[in-house]
Amino acid sequence: MATDWKTVALTCGLICLCFVAVPIRFDKPSSQSSFSLFQSYLRRFNKTYNATEFENRFAKFQETLRFIDELNSERTSNDSARYGLTEFSDMSREEFLDHKLQRHLHKHMHNHKSHQHDKDGKKHESHSNHVKRRSLDGLPDLVDWRSKGVVGAVRNQKTCGACWAFSTVETVESMAAMKTGSVQVLSVQEIIDCAGNGNLGCNGGDTCSLLDWLVYNNIAIEPEKQYPLNWKTNVCKLKGPEEGVRVASNYTCSYLVGREESLVSLLANHGPVVVAVNALTWQHYLGGVVQFHCDGAPEHINHAVQIVGYDRTASIPHYIVRNSWGTAFGDNGYLYLAMGSNMCGVGTEVASLDVIL
């Protein structure tokens, strides 16, 4: 496949760093002071500080408590997002952004034009017959690919900033499972170690440049058991043509801000997708549908996740997001984003793909 790497770099130059958030649920303290709450918080997360650092962290913890109250203040119903304490609650937002995310991604986003690879003129295979209820636009009101057994278990990327690899491999697994009937766990570590085209292993990468690299080099993603995960960037162990799953050349990377109906159509008619998002406030997420406090501006994109469906029958219509921060995050590893307003930048970079077995 003849691919203009410079165009790809310009179009899909996102470099996302990722982080892990382990929440604990809490009620706003009444008789318990914020100081004693901080002491119990330190015990909960096994943190110790000297006197000076303790005072500094306690001040930031108090800021976090106020911020969590602010995040929760605009809840419109019991289904709205809920926020609480995490292991990062003794960090300021700026500190968290500098330590766990990358604030200058907009410098890599010079061109938002969608690009597709359809050199064979092939159209995506339709998989829209898995639900019966359809809305006026002809699409189902509820799509959840988990119910079809094509979505694997929630992974935990720990401290490895490879959200771009986890979310892409997860989507390759899902598309392969739609053909085979069962999920085969594929190697994220192979991608972390080997992917070129500007990707940096545990130090960040971009889903669209990864897809281009996979297709251009005809790379097969091996089963995880053959190339186990160790959450570090190592020397690539690929030794030539390998058995595994390949990405077809008709993958798409699209800018769908203002065109979320296209994202809904992809989810209904094709399958799970990979999206780039702003996950800064997810640091405090406990559950419910995110409707506010999640800026979708391109300069704030810093994470990549898999979307496995949507629900327009809910009181707050939402996307179903599979994260890679373990099952302690959110709703057993999942998060829900309100539909229709580019919440958290969900339409900024949407990747869909087919596979070759």
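Bear in mind that the values here come from a model prediction, so they are computed numbers and not experimental data.

Asker: I would appreciate a short explanation of the environment of aspartate 141 in the present structure.
Answerer: With respect to the secondary-structure elements, aspartate 141 resides in the loop between β4 (115–116) and β5 (142–144). Judged by its relative accessible area of 12%, aspartate 141 is buried. With 123 residues separating them along the chain, aspartate 141 and valine 264 place their C-alpha atoms 9.8 Å apart.

Asker: Sorry if this is basic, but what is going on with the state of the cysteines here?
Answerer: Formally, a disulfide is one covalent bond, and it connects the sulfur atom of one cysteine to the sulfur atom of another. Tallied over the full model, the rule gives four disulfides. The side chain of cysteine 160 participates in a disulfide bridge whose partner is cysteine 202; the two sulfur atoms lie 2.0 Å from each other. Torsion about the S-S bond of the cysteine 160 and cysteine 202 cystine: about -90°, corresponding to left-handed handedness. Of the two residues, cysteine 160 is situated in the loop between β5 and α5 (163–180) and cysteine 202 in the loop between α6 (188–194) and α7 (207–216); the sequence distance between them amounts to 42 residues. For cysteine 160, a relative accessible area of 1% puts it in the buried group. In this model cysteine 208 forms its disulfide with cysteine 253; the gap between the sulfur atoms is 2.1 Å. The sign of the S-S torsion, about -115°, decides the handedness of the disulfide formed by cysteine 208 and cysteine 253: left-handed. A residue pair is termed long-range when its members are at least 10 positions apart, and cysteine 208 in helix α7 and cysteine 253 in strand β8 (residues 252–254) qualify at 45 residues.

Asker: Please clarify how the packing of aromatic side chains should be interpreted in this entry.
Answerer: How two aromatic rings sit relative to each other is set out by the distance from centre to centre and by the angle between their planes. Scanning the entire structure with this criterion turns up twelve aromatic pairs. Ring centres of phenylalanine 35 and phenylalanine 54 lie 5.9 Å apart, and the angle between their planes is 65°; this geometry places the pair in the edge-to-face category. Residue phenylalanine 35 is found in helix α2 (residues 34–44), and its partner phenylalanine 54 is found in helix α3 (residues 51–73); the two are separated by 19 residues along the sequence. Taking relative accessible area as the criterion, phenylalanine 35 reaches 36% and is therefore assigned partly exposed. By relative accessible area, which is 21% here, phenylalanine 54 ends up partly exposed. Arranged with centres 5.1 Å apart and planes meeting at 55°, the rings of tyrosine 41 and phenylalanine 45 form a pair that is tilted. For tyrosine 41, a relative accessible area of 1% gives the class buried. We classify phenylalanine 45 as buried; its relative accessible area is 15%.

Rules used in this analysis
- Residues numbered from 1 in each chain as written.
- Predicted model: local features only at pLDDT ≥ 70, side-chain atom pairs only at ≥ 80, totals over all residues.
- Heavy atoms only, no water.
- Helix = DSSP H or I, 4+ residues; strand = E, 2+ residues; numbered from the N terminus.
- Buried < 20%, exposed > 50% of the residue type's maximum accessible area, 1.4 Å probe, protein only.
- Disulfide = S-S within 2.5 Å.
- Phe/Tyr/Trp six-rings, centres within 6.5 Å; stacked < 30°, edge-to-face > 60°.

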